[in-house]
Amino acid sequence: MKLMAVIGSPRKGGNTEQLVDRVIAGCRSTAQVEVEKFFVTDKHIEYCNGCLTCTFPPPGTGTCVIKDDMDELLEHIKESDAFIFGTPNYMRTVTPALLNFLARMLPLLTYKVEYDGKGNMIGAEGISKIQDKKAAMVISQGDPFFSSPLVHMVLERNLRDFRLKLAGDVISLGNLDKQSVAERAEDLQKAFELGVKLAIGSGF
Ligand SMILES: Cc1cc2nc3c(=O)[nH]c(=O)nc-3n(C[C@H](O)[C@H](O)[C@H](O)COP(=O)(O)O)c2cc1C
């Protein structure tokens, strides 16, 4: 199984990476896994310029006009069987780097558009080039009390838009210091179990 682990935190060895590593360990405990793990901020990924030519007017070109590391990453995404998306909570949502990465994944989507008799668009069904591949979500945040629904919703909704099948999530709270999560045995265990589910689970 080819697993791609996408880390939205810029902090090497931080909470998000530690949790993602436990998910990977869970995968490896039950399956033969080829892992590509990277920090989005280590890649040269320009901001989406909003031209929408990749997807609109439907069917769009299916490629991005910007030439950078994303070309190769999109090919790797298509070749991968499963994904881990990890992000810290930044300003109550996913990190800007991860959000831009998700935006730059738009060439993977095409839309089948429905028109009324007058040619007005009345609906659109998204068709994904990575439909039914599996994904797990990892979120770490500083606030120890309030689990922000927004960061979870933003990540989940986007992954569902790409028609990924979600194996589950780990949300770890109270991780302001870089090493905080190392003390959170329960969260690390949950991450490991999520990895097992990602590798061998089905029907989610
Ligand atoms: C710019 C910035 C914004 C943040 N915003 C929030 C926030 O809105 N809510 C929260 O609970 N933690 C927030 N945090 C704390 C991080 O989510 C937390 O430290 C996380 O565990 C960092 O993960 P990392 O070690 O993988 O980088 C923020 C941290 C930074 C640097």
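Predicted model only: the values in this text are computed from it and were never measured.

**Topic: helix α3 (residues 96-104)**
Working note: α-helix, 3.6 residues per turn, so residues spaced by three or four point in the same direction. Among the residues of α3, Leu98, Asn100, Phe101, Leu102 and Arg104 are the ones counted as buried. On its buried face, α3 is in contact with β1 (2-7), β2 (34-39), α2 (70-79), β3 (82-88) and α4 (149-161).

**Observations regarding the site of the ligand**
With respect to spatial proximity, 16 residues lie near the ligand, and among them Ser9, Thr16, Asn89, Ser140 and Asn175 are the closest. Protein chains bury 76% of the 650 Å² of accessible surface belonging to the ligand in isolation. Its residues placed into classes, the shell around the ligand shows four nonpolar, nine polar and three charged.

**Regarding the pairing of β3**
The buried fraction of β3 amounts to seven of the seven residues, a majority that puts the element mostly inside the structure. Burial along β3 is two-sided: the residues Ala82, Ile84, Gly86 and Pro88 and Phe83, Phe85 and Thr87 are all buried. When β1 meets β3, the two strands line up parallel, connected through five bridges. The residue of β3 that forms the bridge with Met4 is Phe83. One ladder, built from seven bridges, connects β3 with strand β6 (residues 134-140); its direction is parallel. Counted as the bridge partner of Ala82 is Lys134 from β6.

**Overview of the sheet that holds β1**
Taken together, five strands build an open sheet; the order of strands is β2-β1-β3-β6-β7 and the sheet is parallel. Looking at which strands have only one partner, the edges of the open sheet turn out to be β2 and β7 (165-172). Averaged over all pairs of adjacent strands, the angle between strand axes in this sheet comes to 15 degrees, irrespective of strand direction. Contacts from α3 reach β1, β2 and β3 within the one sheet, and its direction differs from that of β3 by about 145 degrees. Each of β3, β6 and β7 is contacted by α4, which is oriented at about 165 degrees to β6, the strand it contacts most.

**Quick word on the packing of α3 against α4**
The interhelical angle for the contact between α3 and α4, taken along N-to-C directions, is 15 degrees, at an axis separation of 11 Å. In this view, α3 runs roughly parallel relative to α4, as classed from their interaxial angle. As α3 runs across α4, the sense of the crossing is left-handed. Counting all contacts with α3, which are made through Leu98, Leu99 and Leu102, the residues of α4 involved are Val154, Leu155, Asn158 and Leu159. Here the contact of α3 with α4 is composed, by residue class, of six nonpolar, one polar and no charged.

**Concerning helix α1 (residues 15-30)**
Taking 1.5 Å per residue, 16 residues should reach 22 Å; α1 reaches 24 Å between its end C-alpha atoms and fits that length. Among the residues of α1, those classed as buried are Asn15, Thr16, Glu17, Gln18, Leu19, Val20, Val23, Ile24, Gly26 and Cys27. Next to the buried residues of α1 lie β1, β2, β3, β6, β7 and α5 (185-200).

Calculation notes
Residues numbered from 1 in each chain as written. Predicted model: local features only at pLDDT ≥ 70, side-chain atom pairs only at ≥ 80, totals over all residues. Heavy atoms only, no water. Buried < 20%, exposed > 50% of the residue type's maximum accessible area, 1.4 Å probe, protein only. Helix = DSSP H or I, 4+ residues; strand = E, 2+ residues; numbered from the N terminus. Contact = heavy atoms within 4.5 Å. Near = heavy atom within 4 Å. Areas by Shrake-Rupley, 256 points an atom, 1.4 Å probe, with all protein chains shown as cover. Nonpolar A, V, L, I, M, F, W, Y, C, P; charged D, E, K, R; others polar. Pairing = 2+ DSSP bridges. Axes fitted to C-alpha atoms, helices over the stretch in contact; angles between N-to-C directions. Parallel < 35°, antiparallel > 145°, perpendicular 65-115°, else oblique. Left-handed = near helix turned anticlockwise from the far one by under 90°. Expected span 1.5 Å × (residues − 1).

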